Amino acid sequence: MGRYVVTKLWQSAVTLILASIVVFAGVRQLPGDPALAMAGEEASPEQLAAVRAEMGLDQPLATQYLAFVRDMLRGDFGQSTRTGTPVTELIATTLPVTLWLSAYAIVVAIVVGVLFGVIAERFRGRWPEWGANGFALIGLSVPNFWLGILAILYLAVTLGWFPASGYVDVLEDPLRGLYYLTLPALILGTGLAAVIMRQTRASMIETMTTDYVRTARAKGLGRGRVLVRYGLRNSLIVVVTIVGLQLGGLISGAVVTERIFALPGFGKLTLDAVFTRDYPVIQAVVLIITVSYILINLAVDVLYSVVNPKIRVGGAN
């Protein structure tokens, strides 16, 4: 296990270096001049030159990249060219909102998806399976932004069950904070829940037809116990894989969801930075997302052998 983790960490470091190069080069290919956006349309050439010198944009690209890596390793992402606020402060303010929303959405997706998947397998060919498949079809077909608009219209405005917008810090007021995040989390987690439901159902159907399950049934174990002990345990491998692979899409979906429900999260920060060509913020956002991907993939690979001891990854004992 130790050798495997070291190998994955080395591969992750190489991936991070390549990603930093791509991010650095890609951001500088965006149209527009960040110095002009910061100094204003009426700025003189001398003022623009001064701003570029202050931001280091007058240096060769290699020098700019090395300075970028040096500052990144120190946790210094510079200052926003739009507001002048340190990027670390902006991230510290907005990232927790997206993390709470994503975590809540993942919990909703896992609970709903696994539950509906078990129901669909347990009641195959009957109306509970049809209902679960209908839910999955809606979750996969209807875009999140449309579900969000409908949820605001009917669940928030018409029925008044949830707030239509706003955010309360979960750490300051946990119950009220989770209440404000419930509707956005339900909308954000719908698509992931549908994927988990379909894969859980398929995995459990396959598992319940294996020889060792038939042997367990022949020894007198009830169907419900076999379903939980063998079918559900093996389906957790699929759930872990899906959550790891779909988390990136969940973060991307959070951008739209946060916009609909007016949440002051990472998505709003990203969109504002792109629209205003805020180099430091864009670079920091993309790098944080990249590091998250790397850590999530590492965690998923390691969890395989925890969920099912029969699975052996390279170097794990």
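The structure presented is a predicted model; accordingly, all values stated were derived computationally and were not measured.

Caption draft 1: Representation of the pattern of salt bridges within the structure. Considering all chains together, one arrives at two salt bridges under this definition. Between Asp 272 and Arg 259 there is a salt bridge whose closest N-O contact spans 4.0 Å. Residue Asp 272 is found in helix H11 (residues 266-275), and its partner Arg 259 is found in helix H10 (residues 223-260); the two are separated by 13 residues along the sequence. Linking Asp 272 and Lys 268 is a salt bridge whose minimum nitrogen-to-oxygen distance equals 3.1 Å. In this pair, Asp 272 and Lys 268 both sit in helix H11, four residues apart, roughly one turn of the helix. Several salt bridges share partner residues, and in doing so they unite Arg 259, Lys 268 and Asp 272 into one network.

Caption draft 2: Spotlight on the environment of Asp 278. For Asp 278, the location among the structural elements is in the loop between H11 and helix H12 (279-307). By relative accessible area, which is 1% here, Asp 278 ends up buried. Residues Asp 278 and Ser 80, 198 residues apart in the sequence, show an inter-C-alpha distance of 6.3 Å.

Caption draft 3: Molecular detail of the packing of aromatic side chains. In the structure shown here, the tally under the stated rule is three aromatic pairs. Measuring from ring centre to ring centre gives 4.9 Å for Phe 116 and Phe 135, while their planes differ by 70°; the resulting arrangement is edge-to-face. Of this pair, Phe 116 sits in helix H5 (residues 87-122) while Phe 135 sits in helix H6 (residues 127-141), placing them 19 residues apart in sequence. Judged by its relative accessible area of 26%, Phe 116 is partly exposed. Taking relative accessible area as the criterion, Phe 135 reaches 22% and is therefore assigned partly exposed. Three or more aromatic residues joined by ring pairs make a cluster, and in this case those are Phe 162, Tyr 179 and Tyr 180.

Thresholds applied
- Residues numbered from 1 in each chain as written.
- Predicted model: local features only at pLDDT ≥ 70, side-chain atom pairs only at ≥ 80, totals over all residues.
- Heavy atoms only, no water.
- Salt bridge = Lys/Arg side-chain N within 4 Å of Asp/Glu carboxyl O.
- Helix = DSSP H or I, 4+ residues; strand = E, 2+ residues; numbered from the N terminus.
- Buried < 20%, exposed > 50% of the residue type's maximum accessible area, 1.4 Å probe, protein only.
- Phe/Tyr/Trp six-rings, centres within 6.5 Å; stacked < 30°, edge-to-face > 60°.

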